[in-house]
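Topology and contacts: notes
One letter stands for each residue in the lines below.
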Amino acid sequence: MDLNKNNIIIFLGSPGSGKGTLSKLLVNKFRWSQFSTGDLLREHITNKTDLGKKIDFIIKSGKLISDTIIIEIVKNWLLKELKNKSVVILDGFPRTENQALALNNMLNSFCLNEPKLNLDLIIIKLEVDDKVVISRLLNRVICENVQCKAIYSLNKESELFPVKEGICSLCSARLIKRSDDELNSIVDRLKIYHQYEHKIIDVFKNSDVEIINLNVDKSIKIRYEDLLTKLDLKDKCKHL
Ligand code: AMP
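Residues numbered from 1 in each chain as written. Predicted model: local features only at pLDDT ≥ 70, side-chain atom pairs only at ≥ 80, totals over all residues. Heavy atoms only, no water.

**Remarks on the site of the ligand**
Residues in close proximity to the ligand total 16 residues, the closest being Thr37, Arg42, Lys63, Gly92 and Gln99. With respect to the ligand, the backbone of Lys63 contributes an N or O atom lying 2.6 Å from an oxygen atom. Within the side chain of Arg95, one N or O atom sits 3.0 Å away from a nitrogen atom of the ligand. Calculation on the ligand without its partners gives an accessible area of 490 Å², and the protein chains cover 96% of this total. Class assignment of the residues belonging to the shell around the ligand gives a composition of 6 nonpolar, 4 polar and 6 charged. (Near = heavy atom within 4 Å. Polar contact = N/O pair within 3.5 Å; in protein donor to acceptor, adjacent residues only side chain to side chain. Areas by Shrake-Rupley, 256 points an atom, 1.4 Å probe, with all protein chains shown as cover. Nonpolar A, V, L, I, M, F, W, Y, C, P; charged D, E, K, R; others polar.)

Next comes the structure, spelled out in structure tokens:
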């Protein structure tokens with residue numbers, strides 16, 4: 001990965017594959033910028049905004065929010081962020097081929113309007129069995145503090161089992177379950193993910209996009225180290 005360029009990293013992976021966890025590790029280490037569409041939508045629900053009221057049930061049932069809404073939100077964020085940060089991470093977008101096509105168009109028009117932008121797009125495809133993610137999601141709890149949002153597991157064997165039961169070790173807020181981490185919704189989310197995964201990759205296949213496959217059925221530490229190696233950042237860590 002060439003850090004002298006503007007990079008957009010897309011994490012493409014099923015729910016529970018650990019997109020958010022890896023994104024946060026990179027953001028903390030390199031001070032990059034991350035955008036989780038799911039986090040933003042959940043904030044709308046918590047704050048009971050008009051959008052929040054409209055999408056509450058859709059999210060709970062594991063369906064996707066309309067492309068038009070999501071594309072507009074991401075476009076505004078990207079426009080602002082690409083001017084400030086050299087590397088931005090998209091966590092949870094694109095999720096459909098229409099979103100992927102819209103992203104392609106956005107990037108082309110950004111580059112036309114801002115000739116100084118030298119953009120590289122990298123897709124990190126997280127690979128893990130559905131059985132593993134179903135168990136992860138059924139056990140997942142998150143910190144209810146929106147500034148924190150740390151992820152834990154109720155599975156005592158997991159490295160994410162909280163030190164103090166029910167309490168976030170980072171900020172001492174309560175741990176809660178996400179409304180969509182319930183079996184029916186998980187199964188629907190996985191179905192939708194598999195329906196679109198290849199279609200999204202096909203959109204980018206013919207352009208100059210790097211696709212990195214990462215096995216994420218491993219401990220978080222090893223996943224992260226593998227990712228740094230694949231991004232060619234392991235040696236660069238100490239200089240950054
Ligand atoms: P996540 O936190 O990424 O697992 O997303 C949670 C939920 O938010 C998804 O199941 C969708 O209902 C909605 N969502 C997040 N990102 C998108 C997107 N790019 N397109 C449509 N819906 C989305």
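From this point, things continue past the structure.
**A short note on the sheet that holds strand 6 (residues 151-153)**
Reading across the sheet, the 3 strands line up as 6-5-7 and stay open at both edges, with antiparallel pairing between neighbours. Among the strands making up the open sheet, the edge pair consists of strand 6 and strand 7 (175-176). The pairing of strand 5 (residues 140-143) with strand 6 spans 3 bridges and is classified as antiparallel. Along strand 6, the bridge assignment pairs Val141 with Tyr152. (Pairing = 2+ DSSP bridges. Helix = DSSP H or I, 4+ residues; strand = E, 2+ residues; numbered from the N terminus.)

**Quick word on the confidence of the model for the protein chain**
Low-pLDDT stretches of the model should not have their predicted coordinates read in fine detail. Put simply, the protein chain has an average pLDDT of 92, and 98% of its residues get 70 or more. Per-residue pLDDT, averaged within each element of the protein chain, yields its smallest value for helix 5 (residues 97-113) (90) and its largest for helix 6 (residues 130-139) (98). (pLDDT = per-residue confidence, 0-100.)

**Re the sheet that holds strand 4 (residues 119-127)**
One open sheet holds the 5 strands; their spatial order is 2-3-1-4-8, and the pairing between them is parallel. Whereas interior strands pair on both sides, the edge strands pair on one side only; in this sheet they are strand 2 (33-36) and strand 8 (210-215). Averaged over all pairs of adjacent strands, the angle between their axes in this sheet comes to 20 degrees, without regard to strand direction. Sheet topology note: the strand 4/strand 8 ladder contains 6 bridges and is parallel. By the bridge assignment for strand 8, Ile124 is matched with Ile212. With respect to the sheet, helix 1 (residues 19-30) is in contact with strand 1 (6-12), strand 2, strand 3 (87-91), strand 4 and strand 8, its orientation differing from that of strand 3 by roughly 165 degrees. Contacts from helix 4 (residues 67-84) reach strand 1, strand 2, strand 3 and strand 4 within the one sheet, and its direction differs from that of strand 3 by about 165 degrees. (Axes fitted to C-alpha atoms, helices over the stretch in contact; angles between N-to-C directions. Contact = heavy atoms within 4.5 Å.)

**Section: the environment of Leu160**
By the secondary structure assignment, Leu160 is in the loop between strand 6 and strand 7. Along the sequence, Leu160 and Arg223 sit 63 residues apart, while their C-alpha atoms lie 14 Å from each other. For Leu160, the residues in contact, after removing those within four places along its chain, are Ile151, Tyr152, Ser153 and Ile220.

**Some words on the pairing of strand 5**
Direction of pairing for strand 5 relative to strand 7: antiparallel, over a ladder of 2 bridges. Note on strand 7: the bridge partner recorded for Cys143 is Leu175.

**So, the packing of helix 2 (residues 37-46) against helix 3 (residues 50-60)**
Two numbers describe a pair of packed helices, the interaxial angle and the distance between the axes. One way to put it is that helix 2 packs onto helix 3 with a least axis distance of 8 Å and a crossing angle of 115 degrees. Between helix 2 and helix 3 the crossing geometry is left-handed. Of the residues in helix 3, those in contact with Leu41, His44 and Ile45 of helix 2 are Leu51, Gly52, Ile55, Asp56 and Ile59. When its residues are assigned to classes, the contact of helix 2 with helix 3 shows 5 nonpolar, 2 polar and 1 charged. (Left-handed = near helix turned anticlockwise from the far one by under 90°.)

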